[in-house]
Amino acid sequence: MTETLKTHVLVVGGGPGGYVAAIRAGQLGLDTILVEGDKLGGTCLIRGCIPSKALIHVAEKFEGMVAAAEEKGALGIHLAARPSIDFAETVRWKDGITAKLNSGVGALLKKAKVKVVAGWANFTDGKTCTVATAEGPVTINADHVILAQGSEPVELPMLPFGGNVISSTEALSLETLPDSLVVIGAGYIGLELGSAFAKLGVSVTVLEARDRILPLYDDALAAPVKQWLSHAGVTIHLEASALGLDATGAVRVKGKDGNEFTVPADKVLVTVGRKPRTQGWGIETMAVDLDGRFVKVDDQCRTSMRDVWAIGDLVGEPMLAHKASAQGEMVAEIIAGHRRHFQPAGIPAVCFTQPEIVSIGLSPSEAEAQGVEIVVGQFPYMANGRALTLEGDKEGGFVRVVARKSDHRIIGIQAVGSHVSELSGEFALALEMGAVLEDLAGTIHAHPTLSEAFHESALKALGHAIHI
Ligand code: NAI
(Lines give C-alpha, C1' and ligand atoms only; values in the text may rest on other atoms or scores of the structure.)
Protein backbone atom coordinates (compact mmCIF):
# COMPACT_ATOMS: atom_id res chain seq x y z
CA MET A 1 0.00 0.00 0.00
CA THR A 2 1.24 3.49 -0.81
CA GLU A 3 1.67 5.81 2.15
CA THR A 4 0.64 9.40 1.37
CA LEU A 5 2.22 12.44 3.03
CA LYS A 6 1.31 16.09 2.76
CA THR A 7 3.79 18.81 3.61
CA HIS A 8 4.30 22.54 3.19
CA VAL A 9 7.89 22.26 1.91
CA LEU A 10 9.40 19.31 0.05
CA VAL A 11 13.15 19.40 -0.56
CA VAL A 12 14.60 16.88 -3.02
CA GLY A 13 18.30 16.20 -2.57
CA GLY A 14 20.28 16.02 0.68
CA GLY A 15 23.47 17.79 -0.45
CA PRO A 16 24.57 21.14 1.00
CA GLY A 17 21.88 23.05 -0.93
CA GLY A 18 19.05 20.71 0.00
CA TYR A 19 19.87 20.01 3.62
CA VAL A 20 20.52 23.70 4.39
CA ALA A 21 17.19 24.62 2.75
CA ALA A 22 15.42 21.95 4.83
CA ILE A 23 17.10 22.90 8.12
CA ARG A 24 16.33 26.60 7.60
CA ALA A 25 12.72 25.82 6.62
CA GLY A 26 12.39 23.68 9.75
CA GLN A 27 13.92 26.40 11.93
CA LEU A 28 11.36 28.82 10.52
CA GLY A 29 8.59 26.51 11.66
CA LEU A 30 7.61 25.25 8.20
CA ASP A 31 6.39 21.67 7.89
CA THR A 32 9.28 20.17 5.86
CA ILE A 33 10.20 16.83 4.25
CA LEU A 34 13.61 16.10 2.73
CA VAL A 35 13.99 13.22 0.26
CA GLU A 36 17.43 11.74 -0.36
CA GLY A 37 18.14 8.60 -2.37
CA ASP A 38 21.71 8.09 -1.22
CA LYS A 39 23.45 9.42 1.89
CA LEU A 40 22.68 12.74 3.57
CA GLY A 41 25.44 15.19 2.70
CA GLY A 42 25.41 14.65 -1.06
CA THR A 43 28.37 14.89 -3.39
CA CYS A 44 30.16 17.46 -1.22
CA LEU A 45 30.25 15.55 2.06
CA ILE A 46 30.24 11.98 0.78
CA ARG A 47 32.23 11.86 -2.48
CA GLY A 48 33.53 15.33 -3.28
CA CYS A 49 34.82 18.31 -1.33
CA ILE A 50 35.35 16.70 2.07
CA PRO A 51 36.84 13.30 1.09
CA SER A 52 39.12 14.94 -1.46
CA LYS A 53 40.42 17.37 1.16
CA ALA A 54 41.05 14.40 3.47
CA LEU A 55 43.05 12.65 0.75
CA ILE A 56 45.00 15.84 -0.01
CA HIS A 57 45.90 16.12 3.69
CA VAL A 58 47.21 12.54 3.82
CA ALA A 59 49.16 13.07 0.61
CA GLU A 60 50.81 16.19 2.04
CA LYS A 61 51.88 14.33 5.19
CA PHE A 62 53.22 11.42 3.17
CA GLU A 63 55.14 13.72 0.84
CA GLY A 64 56.80 15.44 3.81
CA MET A 65 57.90 12.09 5.23
CA VAL A 66 59.27 10.93 1.89
CA ALA A 67 61.28 14.16 1.67
CA ALA A 68 62.67 13.51 5.15
CA ALA A 69 63.60 9.93 4.25
CA GLU A 70 65.26 11.00 1.03
CA GLU A 71 67.09 13.84 2.79
CA LYS A 72 65.34 16.32 0.49
CA GLY A 73 63.71 18.33 3.25
CA ALA A 74 65.49 21.27 4.89
CA LEU A 75 63.69 21.15 8.24
CA GLY A 76 66.21 19.05 10.11
CA ILE A 77 63.87 16.07 10.18
CA HIS A 78 65.47 12.78 9.12
CA LEU A 79 63.72 9.46 8.66
CA ALA A 80 65.79 6.29 8.58
CA ALA A 81 63.44 4.54 6.15
CA ARG A 82 60.95 5.54 3.49
CA PRO A 83 57.38 5.64 4.83
CA SER A 84 54.84 3.21 3.51
CA ILE A 85 51.14 3.77 3.03
CA ASP A 86 48.24 1.40 3.51
CA PHE A 87 45.73 3.10 1.24
CA ALA A 88 42.81 0.95 2.41
CA GLU A 89 43.45 2.34 5.91
CA THR A 90 43.60 5.88 4.50
CA VAL A 91 40.23 5.34 2.82
CA ARG A 92 38.78 3.96 6.08
CA TRP A 93 39.95 7.11 7.92
CA LYS A 94 38.39 9.27 5.20
CA ASP A 95 35.16 7.23 5.42
CA GLY A 96 35.12 7.88 9.17
CA ILE A 97 35.04 11.62 8.52
CA THR A 98 32.24 11.39 5.96
CA ALA A 99 30.28 9.09 8.30
CA LYS A 100 30.59 11.65 11.11
CA LEU A 101 29.38 14.46 8.87
CA ASN A 102 26.60 12.30 7.45
CA SER A 103 25.21 11.52 10.89
CA GLY A 104 25.74 15.16 11.90
CA VAL A 105 23.50 16.31 9.05
CA GLY A 106 20.89 13.74 10.11
CA ALA A 107 20.99 15.08 13.68
CA LEU A 108 20.67 18.71 12.52
CA LEU A 109 17.65 17.85 10.36
CA LYS A 110 16.06 16.07 13.29
CA LYS A 111 16.71 19.05 15.57
CA ALA A 112 15.00 21.29 13.00
CA LYS A 113 12.05 18.82 12.96
CA VAL A 114 12.54 17.93 9.29
CA LYS A 115 11.20 14.52 8.26
CA VAL A 116 13.70 12.61 6.12
CA VAL A 117 12.41 10.11 3.55
CA ALA A 118 15.10 7.79 2.16
CA GLY A 119 14.71 6.83 -1.50
CA TRP A 120 14.62 8.29 -5.00
CA ALA A 121 11.84 10.75 -5.72
CA ASN A 122 9.97 10.53 -8.99
CA PHE A 123 7.64 13.38 -9.84
CA THR A 124 4.28 12.80 -11.43
CA ASP A 125 3.42 16.50 -11.43
CA GLY A 126 5.08 19.67 -10.19
CA LYS A 127 3.98 19.21 -6.60
CA THR A 128 3.74 15.44 -6.22
CA CYS A 129 6.38 12.74 -6.15
CA THR A 130 6.55 9.09 -5.23
CA VAL A 131 9.55 7.81 -3.33
CA ALA A 132 10.55 4.16 -3.51
CA THR A 133 11.58 3.61 0.13
CA ALA A 134 12.77 0.35 1.69
CA GLU A 135 9.32 0.10 3.36
CA GLY A 136 7.43 0.63 0.11
CA PRO A 137 6.28 3.57 -2.00
CA VAL A 138 5.55 6.90 -0.32
CA THR A 139 3.68 9.62 -2.19
CA ILE A 140 4.41 13.17 -1.08
CA ASN A 141 2.38 16.21 -2.02
CA ALA A 142 3.71 19.66 -1.18
CA ASP A 143 2.77 23.34 -1.42
CA HIS A 144 6.39 24.23 -2.23
CA VAL A 145 9.01 22.05 -3.90
CA ILE A 146 12.74 22.83 -3.71
CA LEU A 147 14.73 20.97 -6.35
CA ALA A 148 18.32 20.34 -5.22
CA GLN A 149 19.36 17.22 -7.15
CA GLY A 150 22.90 18.45 -7.81
CA SER A 151 25.16 17.26 -10.57
CA GLU A 152 27.04 14.21 -11.82
CA PRO A 153 30.36 13.66 -13.60
CA VAL A 154 30.43 14.10 -17.38
CA GLU A 155 31.28 10.84 -19.18
CA LEU A 156 33.42 10.72 -22.33
CA PRO A 157 31.85 8.55 -25.06
CA MET A 158 35.20 6.99 -25.98
CA LEU A 159 36.05 6.32 -22.33
CA PRO A 160 32.82 5.34 -20.55
CA PHE A 161 33.05 4.85 -16.78
CA GLY A 162 33.66 1.26 -15.72
CA GLY A 163 36.64 -1.00 -15.10
CA ASN A 164 39.79 1.09 -14.91
CA VAL A 165 38.05 4.20 -16.19
CA ILE A 166 36.87 6.00 -13.07
CA SER A 167 35.31 9.25 -11.89
CA SER A 168 36.32 11.17 -8.76
CA THR A 169 33.86 9.03 -6.75
CA GLU A 170 35.84 5.83 -7.35
CA ALA A 171 39.20 7.65 -7.12
CA LEU A 172 38.34 8.60 -3.55
CA SER A 173 37.62 5.01 -2.54
CA LEU A 174 40.33 2.94 -4.25
CA GLU A 175 41.47 -0.13 -2.34
CA THR A 176 45.08 0.22 -3.38
CA LEU A 177 47.14 2.93 -5.01
CA PRO A 178 47.66 2.44 -8.75
CA ASP A 179 51.22 2.59 -10.09
CA SER A 180 50.14 4.92 -12.87
CA LEU A 181 47.21 7.26 -13.29
CA VAL A 182 46.11 9.15 -16.39
CA VAL A 183 43.94 12.15 -15.56
CA ILE A 184 41.76 13.54 -18.33
CA GLY A 185 40.98 17.22 -17.79
CA ALA A 186 43.26 19.71 -16.01
CA GLY A 187 40.46 21.50 -14.13
CA TYR A 188 39.60 21.57 -10.44
CA ILE A 189 39.11 17.88 -9.78
CA GLY A 190 41.79 16.57 -12.11
CA LEU A 191 44.51 18.72 -10.63
CA GLU A 192 43.42 18.47 -6.99
CA LEU A 193 43.30 14.68 -7.11
CA GLY A 194 46.14 14.30 -9.62
CA SER A 195 48.45 16.30 -7.33
CA ALA A 196 47.43 14.24 -4.30
CA PHE A 197 48.11 10.94 -6.09
CA ALA A 198 51.47 12.28 -7.33
CA LYS A 199 52.42 13.08 -3.71
CA LEU A 200 51.49 9.52 -2.78
CA GLY A 201 54.03 8.20 -5.27
CA VAL A 202 51.72 7.44 -8.21
CA SER A 203 53.06 8.24 -11.68
CA VAL A 204 50.56 10.83 -12.97
CA THR A 205 49.99 12.04 -16.54
CA VAL A 206 47.43 14.75 -17.28
CA LEU A 207 45.73 15.22 -20.66
CA GLU A 208 44.05 18.57 -21.25
CA ALA A 209 42.11 19.52 -24.39
CA ARG A 210 42.85 23.24 -24.09
CA ASP A 211 46.20 24.98 -24.35
CA ARG A 212 46.51 25.61 -20.61
CA ILE A 213 45.76 24.13 -17.22
CA LEU A 214 43.01 25.50 -14.95
CA PRO A 215 41.30 27.55 -17.68
CA LEU A 216 39.13 29.21 -15.02
CA TYR A 217 42.04 31.18 -13.59
CA ASP A 218 44.42 33.64 -15.26
CA ASP A 219 47.97 32.67 -16.23
CA ALA A 220 49.64 34.33 -13.24
CA LEU A 221 47.45 32.32 -10.83
CA ALA A 222 47.94 29.01 -12.62
CA ALA A 223 51.74 29.43 -13.06
CA PRO A 224 52.80 28.39 -9.52
CA VAL A 225 50.60 25.27 -9.80
CA LYS A 226 52.15 24.43 -13.16
CA GLN A 227 55.59 24.87 -11.65
CA TRP A 228 54.80 22.54 -8.75
CA LEU A 229 53.36 19.89 -11.08
CA SER A 230 56.45 19.89 -13.24
CA HIS A 231 58.69 19.79 -10.13
CA ALA A 232 56.67 16.85 -8.81
CA GLY A 233 57.21 14.93 -12.04
CA VAL A 234 53.61 15.13 -13.29
CA THR A 235 53.55 14.96 -17.09
CA ILE A 236 51.08 17.34 -18.72
CA HIS A 237 50.00 17.09 -22.35
CA LEU A 238 48.13 20.22 -23.45
CA GLU A 239 45.87 20.34 -26.53
CA ALA A 240 45.65 16.57 -26.17
CA SER A 241 42.52 14.48 -26.53
CA ALA A 242 41.93 10.91 -25.47
CA LEU A 243 40.82 8.56 -28.25
CA GLY A 244 40.08 5.54 -26.08
CA LEU A 245 41.96 2.59 -24.60
CA ASP A 246 44.16 0.17 -26.55
CA ALA A 247 44.22 -3.60 -25.99
CA THR A 248 46.72 -3.26 -23.11
CA GLY A 249 44.59 -0.69 -21.31
CA ALA A 250 46.87 2.23 -22.22
CA VAL A 251 45.20 5.51 -23.20
CA ARG A 252 45.41 6.39 -26.90
CA VAL A 253 46.02 10.09 -27.27
CA LYS A 254 45.91 12.53 -30.13
CA GLY A 255 48.54 15.16 -29.38
CA LYS A 256 49.06 18.79 -30.24
CA ASP A 257 50.50 18.24 -33.72
CA GLY A 258 47.98 15.58 -34.63
CA ASN A 259 50.45 12.84 -33.67
CA GLU A 260 49.08 9.80 -31.89
CA PHE A 261 50.69 8.14 -28.89
CA THR A 262 49.74 5.96 -25.94
CA VAL A 263 50.14 6.46 -22.21
CA PRO A 264 50.10 3.36 -19.99
CA ALA A 265 47.52 3.58 -17.22
CA ASP A 266 46.50 1.40 -14.30
CA LYS A 267 43.60 3.79 -13.78
CA VAL A 268 42.12 6.52 -15.97
CA LEU A 269 40.46 9.33 -14.03
CA VAL A 270 38.01 11.30 -16.18
CA THR A 271 37.41 14.80 -14.79
CA VAL A 272 36.07 16.81 -17.71
CA GLY A 273 33.37 18.64 -15.82
CA ARG A 274 30.04 17.94 -14.15
CA LYS A 275 26.51 18.19 -15.50
CA PRO A 276 23.30 19.12 -13.70
CA ARG A 277 21.15 16.11 -12.80
CA THR A 278 18.08 17.05 -14.81
CA GLN A 279 17.10 13.55 -15.82
CA GLY A 280 15.68 10.47 -14.16
CA TRP A 281 13.33 12.11 -11.66
CA GLY A 282 10.42 13.32 -13.75
CA ILE A 283 11.32 16.91 -14.66
CA GLU A 284 9.34 16.32 -17.87
CA THR A 285 6.15 16.13 -15.81
CA MET A 286 6.73 19.66 -14.51
CA ALA A 287 6.29 22.99 -16.27
CA VAL A 288 9.89 23.88 -15.50
CA ASP A 289 11.91 25.67 -18.21
CA LEU A 290 15.55 24.92 -18.87
CA ASP A 291 18.29 27.41 -19.66
CA GLY A 292 20.68 25.32 -21.74
CA ARG A 293 21.48 22.28 -19.62
CA PHE A 294 20.47 23.98 -16.35
CA VAL A 295 17.09 24.58 -14.72
CA LYS A 296 16.12 28.19 -15.37
CA VAL A 297 15.61 30.33 -12.26
CA ASP A 298 15.33 34.01 -11.39
CA ASP A 299 17.31 35.81 -8.69
CA GLN A 300 15.08 34.25 -6.04
CA CYS A 301 15.63 30.73 -7.40
CA ARG A 302 12.03 30.53 -8.65
CA THR A 303 11.56 28.21 -11.64
CA SER A 304 8.98 28.91 -14.32
CA MET A 305 6.45 26.89 -12.30
CA ARG A 306 4.75 28.58 -9.37
CA ASP A 307 6.14 27.51 -5.96
CA VAL A 308 8.70 25.18 -7.53
CA TRP A 309 12.20 26.37 -6.67
CA ALA A 310 15.62 25.11 -7.78
CA ILE A 311 19.06 25.67 -6.27
CA GLY A 312 22.72 24.67 -6.50
CA ASP A 313 24.43 22.79 -9.34
CA LEU A 314 21.04 22.28 -10.98
CA VAL A 315 20.68 25.98 -11.79
CA GLY A 316 24.08 26.96 -13.17
CA GLU A 317 27.69 27.86 -12.61
CA PRO A 318 29.53 28.06 -10.37
CA MET A 319 28.77 24.52 -9.26
CA LEU A 320 30.00 25.08 -5.73
CA ALA A 321 28.64 23.80 -2.42
CA HIS A 322 28.70 27.22 -0.75
CA LYS A 323 26.61 28.74 -3.54
CA ALA A 324 24.06 25.94 -3.17
CA SER A 325 23.75 26.34 0.59
CA ALA A 326 23.40 30.13 0.32
CA GLN A 327 20.58 29.65 -2.20
CA GLY A 328 18.95 26.96 -0.05
CA GLU A 329 18.89 29.20 3.00
CA MET A 330 17.47 32.05 0.91
CA VAL A 331 14.66 30.00 -0.63
CA ALA A 332 13.53 28.69 2.78
CA GLU A 333 13.38 32.28 4.04
CA ILE A 334 11.43 33.50 0.99
CA ILE A 335 8.90 30.70 1.48
CA ALA A 336 8.60 31.83 5.12
CA GLY A 337 7.78 35.34 3.91
CA HIS A 338 11.16 37.09 4.09
CA ARG A 339 12.31 39.46 1.34
CA ARG A 340 15.48 37.98 -0.13
CA HIS A 341 17.30 37.98 -3.47
CA PHE A 342 20.41 36.09 -4.58
CA GLN A 343 22.75 38.93 -5.47
CA PRO A 344 26.11 38.21 -3.87
CA ALA A 345 28.91 40.69 -4.56
CA GLY A 346 31.02 37.65 -5.32
CA ILE A 347 31.26 33.91 -4.78
CA PRO A 348 34.73 32.74 -3.80
CA ALA A 349 36.22 29.87 -5.80
CA VAL A 350 39.01 27.87 -4.20
CA CYS A 351 41.19 25.29 -5.88
CA PHE A 352 43.00 23.01 -3.43
CA THR A 353 46.04 22.33 -5.56
CA GLN A 354 49.67 22.85 -4.54
CA PRO A 355 49.74 25.77 -4.01
CA GLU A 356 46.09 26.70 -3.44
CA ILE A 357 44.25 29.30 -5.53
CA VAL A 358 41.46 31.64 -4.42
CA SER A 359 39.53 34.00 -6.63
CA ILE A 360 36.56 36.25 -6.02
CA GLY A 361 35.16 39.08 -8.09
CA LEU A 362 36.90 40.47 -11.14
CA SER A 363 40.46 39.80 -12.25
CA PRO A 364 42.41 42.76 -13.69
CA SER A 365 41.74 41.62 -17.28
CA GLU A 366 38.02 41.03 -16.60
CA ALA A 367 37.73 44.51 -15.08
CA GLU A 368 39.53 46.07 -18.02
CA ALA A 369 37.34 44.16 -20.47
CA GLN A 370 34.35 45.80 -18.76
CA GLY A 371 35.97 49.21 -19.27
CA VAL A 372 36.61 49.77 -15.55
CA GLU A 373 39.71 51.81 -14.71
CA ILE A 374 41.53 49.98 -11.94
CA VAL A 375 44.42 50.04 -9.51
CA VAL A 376 46.04 46.73 -8.64
CA GLY A 377 48.16 45.83 -5.64
CA GLN A 378 50.06 42.56 -5.58
CA PHE A 379 52.08 41.31 -2.62
CA PRO A 380 54.43 38.32 -2.92
CA TYR A 381 54.22 35.40 -0.49
CA MET A 382 58.02 35.37 -0.14
CA ALA A 383 57.84 38.72 1.67
CA ASN A 384 55.39 37.36 4.28
CA GLY A 385 57.05 35.94 7.40
CA ARG A 386 54.32 33.42 8.18
CA ALA A 387 54.45 32.04 4.62
CA LEU A 388 58.18 31.43 5.07
CA THR A 389 57.59 29.54 8.35
CA LEU A 390 55.10 27.32 6.50
CA GLU A 391 57.51 26.71 3.59
CA GLY A 392 54.89 28.55 1.57
CA ASP A 393 57.32 30.63 -0.44
CA LYS A 394 58.68 27.74 -2.50
CA GLU A 395 56.31 28.00 -5.46
CA GLY A 396 56.10 31.76 -5.47
CA GLY A 397 52.54 32.85 -4.74
CA PHE A 398 50.95 36.23 -4.10
CA VAL A 399 47.83 38.07 -3.01
CA ARG A 400 46.40 40.53 -5.52
CA VAL A 401 43.70 43.10 -4.93
CA VAL A 402 41.84 44.86 -7.74
CA ALA A 403 40.07 48.15 -6.98
CA ARG A 404 38.21 50.80 -8.96
CA LYS A 405 40.54 53.72 -9.61
CA SER A 406 37.84 56.35 -9.05
CA ASP A 407 36.82 55.41 -5.49
CA HIS A 408 39.16 52.55 -4.49
CA ARG A 409 36.21 50.18 -4.06
CA ILE A 410 37.55 46.59 -4.05
CA ILE A 411 36.06 44.65 -6.98
CA GLY A 412 38.24 41.55 -7.08
CA ILE A 413 40.78 39.58 -5.07
CA GLN A 414 42.93 36.71 -6.30
CA ALA A 415 45.62 34.77 -4.50
CA VAL A 416 47.82 31.76 -4.98
CA GLY A 417 49.92 30.24 -2.23
CA SER A 418 50.00 27.47 0.31
CA HIS A 419 47.13 27.58 2.85
CA VAL A 420 45.69 30.64 1.07
CA SER A 421 42.22 29.02 1.02
CA GLU A 422 41.88 30.13 4.64
CA LEU A 423 41.95 33.77 3.53
CA SER A 424 38.92 33.30 1.26
CA GLY A 425 36.55 34.34 4.06
CA GLU A 426 38.27 37.70 4.56
CA PHE A 427 38.32 38.24 0.79
CA ALA A 428 34.59 37.52 0.52
CA LEU A 429 33.80 39.75 3.49
CA ALA A 430 35.76 42.67 2.00
CA LEU A 431 33.90 42.36 -1.28
CA GLU A 432 30.46 41.82 0.24
CA MET A 433 30.85 44.76 2.66
CA GLY A 434 31.87 47.03 -0.21
CA ALA A 435 35.28 47.73 1.34
CA VAL A 436 37.63 50.28 -0.19
CA LEU A 437 41.42 49.95 -0.16
CA GLU A 438 41.62 52.37 2.77
CA ASP A 439 39.35 50.08 4.88
CA LEU A 440 41.72 47.22 4.35
CA ALA A 441 44.79 49.38 4.88
CA GLY A 442 43.31 50.72 8.12
CA THR A 443 42.51 47.27 9.56
CA ILE A 444 45.16 45.87 11.90
CA HIS A 445 46.03 42.35 10.73
CA ALA A 446 47.57 39.95 13.24
CA HIS A 447 51.26 39.18 12.96
CA PRO A 448 52.56 36.71 11.94
CA THR A 449 49.75 35.54 9.66
CA LEU A 450 49.21 35.06 5.95
CA SER A 451 46.44 37.67 6.16
CA GLU A 452 49.15 40.35 6.36
CA ALA A 453 49.79 39.66 2.67
CA PHE A 454 46.23 40.84 1.96
CA HIS A 455 46.79 43.98 4.06
CA GLU A 456 50.04 44.68 2.23
CA SER A 457 48.39 44.19 -1.18
CA ALA A 458 46.07 47.10 -0.33
CA LEU A 459 49.01 49.22 0.87
CA LYS A 460 50.76 48.40 -2.39
CA ALA A 461 47.73 49.50 -4.42
CA LEU A 462 47.76 52.76 -2.42
CA GLY A 463 51.45 53.17 -3.22
CA HIS A 464 52.92 52.67 0.25
CA ALA A 465 53.59 48.98 0.92
CA ILE A 466 55.91 48.50 3.89
CA HIS A 467 57.47 45.10 3.26
CA ILE A 468 58.33 45.32 -0.44
P1 NAI B 1 36.42 21.61 -14.65
O2 NAI B 1 35.43 22.28 -15.48
O3 NAI B 1 37.06 22.33 -13.52
O4 NAI B 1 37.62 21.11 -15.57
C5 NAI B 1 37.44 20.24 -16.67
C6 NAI B 1 38.68 20.32 -17.55
O7 NAI B 1 38.59 19.28 -18.49
C8 NAI B 1 38.80 21.62 -18.31
O9 NAI B 1 40.12 22.11 -18.17
C10 NAI B 1 38.51 21.21 -19.76
O11 NAI B 1 39.19 21.98 -20.70
C12 NAI B 1 38.99 19.77 -19.78
N13 NAI B 1 38.37 18.89 -20.77
C14 NAI B 1 37.06 18.85 -21.12
N15 NAI B 1 36.86 17.85 -22.03
C16 NAI B 1 38.07 17.26 -22.24
C17 NAI B 1 38.52 16.17 -23.04
N18 NAI B 1 37.66 15.49 -23.81
N19 NAI B 1 39.83 15.83 -22.99
C20 NAI B 1 40.69 16.53 -22.20
N21 NAI B 1 40.33 17.56 -21.42
C22 NAI B 1 39.02 17.92 -21.43
O23 NAI B 1 35.71 20.25 -14.19
P24 NAI B 1 36.03 19.21 -13.03
O25 NAI B 1 37.45 19.30 -12.63
O26 NAI B 1 35.50 17.92 -13.50
O27 NAI B 1 35.14 19.74 -11.85
C28 NAI B 1 33.73 19.85 -11.99
C29 NAI B 1 33.17 20.90 -11.09
O30 NAI B 1 33.24 20.47 -9.75
C31 NAI B 1 33.91 22.22 -11.14
O32 NAI B 1 33.44 23.08 -12.16
C33 NAI B 1 33.65 22.78 -9.78
O34 NAI B 1 32.48 23.53 -9.83
C35 NAI B 1 33.43 21.58 -8.90
N36 NAI B 1 34.59 21.38 -8.04
C37 NAI B 1 34.97 22.34 -7.16
C38 NAI B 1 36.07 22.16 -6.36
C39 NAI B 1 36.46 23.21 -5.40
O40 NAI B 1 35.67 24.10 -5.14
N41 NAI B 1 37.66 23.18 -4.85
C42 NAI B 1 36.88 20.95 -6.42
C43 NAI B 1 36.41 20.02 -7.38
C44 NAI B 1 35.31 20.24 -8.14
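Residues numbered from 1 in each chain as written. Predicted model: local features only at pLDDT ≥ 70, side-chain atom pairs only at ≥ 80, totals over all residues. Heavy atoms only, no water.

**What about the overall build of the protein?**
Looking only at helices and strands, the protein features 13 helices and 24 strands. Computed over its C-alpha atoms, the radius of gyration of the protein comes to 24 Å, within 12% of the 23 Å expected for a compact globule of 468 residues. Here the protein, with 468 residues, has 50% of them falling under the buried criterion. Sequence separation of at least 24 residues holds for 64% of the intrachain contacts in the protein that already meet a minimum separation of 6. Looking at the protein, you have 41 positive and 54 negative side-chain charges, and the mean spots of the two groups are 4 Å apart. (Helix = DSSP H or I, 4+ residues; strand = E, 2+ residues; numbered from the N terminus. Rg over C-alpha atoms; globule rule 2.2 N^0.38 Å. Buried < 20%, exposed > 50% of the residue type's maximum accessible area, 1.4 Å probe, protein only. Contact = heavy atoms within 4.5 Å. Lys, Arg positive; Asp, Glu negative; His and termini not counted. Charge placed at Lys NZ, Arg CZ, Asp CG, Glu CD.)

**Description of the site of the ligand**
Within the structure, the ligand sits among 22 residues, and Ile-189, Glu-208, Gly-273, Met-319 and Val-350 are positioned closest to it. Taking 850 Å² as the accessible area of the ligand by itself, protein coverage stands at 81%. Among the elements that make up the shell around the ligand, the one with the highest residue count is helix H6 (residues 188-199) (four residues). Of the residues that constitute the shell around the ligand, the class distribution is 13 nonpolar, five polar and four charged. (Near = heavy atom within 4 Å. Areas by Shrake-Rupley, 256 points an atom, 1.4 Å probe, with all protein chains shown as cover. Nonpolar A, V, L, I, M, F, W, Y, C, P; charged D, E, K, R; others polar.)

**A short note on the domain arrangement of the protein**
In many reports, interface size means the accessible area that the parts give up when they come together. Looking at the protein, the domain boundaries give domain 1 (3-47 + 92-152 + 275-335), domain 2 (165-272) and domain 3 (349-462). The centre of domain 2, based on its C-alpha atoms, is set 29 Å off from the matching centre of domain 3. Every contact between the two is made by 14 residues of domain 2 and, on the other side, 18 residues of domain 3. Per-residue buried area on domain 2 facing domain 3 is highest for Glu-192, Tyr-217 and Leu-221; these three make up 37% of the total on that side. Between domain 2 and domain 3 we count one salt bridge in total. Where Arg-400 meets Asp-218, a salt bridge forms, and the shortest distance between an N and an O atom there is 2.5 Å. For the pair domain 2 and domain 3, the number of links is three residue pairs in polar contact (both at pLDDT 80 or more). At the level of elements, H6 and helix H7 (219-231) are the ones that each hand at least two residues to the side of domain 2 that touches domain 3. Sort the elements by how many residues they give to the side of domain 2 that touches domain 3 and H7 lands first, with seven residues. Broken down by class, the residue content of the side of domain 2 that touches domain 3 amounts to ten nonpolar, one polar and three charged. (Domains from an automatic or database assignment. Buried area = accessible area lost by both parts, 1.4 Å probe. Salt bridge = Lys/Arg side-chain N within 4 Å of Asp/Glu carboxyl O. Polar contact = N/O pair within 3.5 Å; in protein donor to acceptor, adjacent residues only side chain to side chain.)

**Focus: the environment of Glu-239**
The topology assignment puts Glu-239 in the loop between strand S11 (235-237) and strand S12 (241-245). Exposure remark for Glu-239: the relative accessible area of 36% places this residue in the partly exposed category. Along the backbone, Glu-239 and Leu-229 are ten residues apart, and their C-alpha atoms lie at a distance of 17 Å. Beyond its immediate stretch of four places on either side in the chain, Glu-239 contacts Glu-208, Ala-209, Arg-210, Asp-211, Lys-254, Gly-255 and Lys-256.

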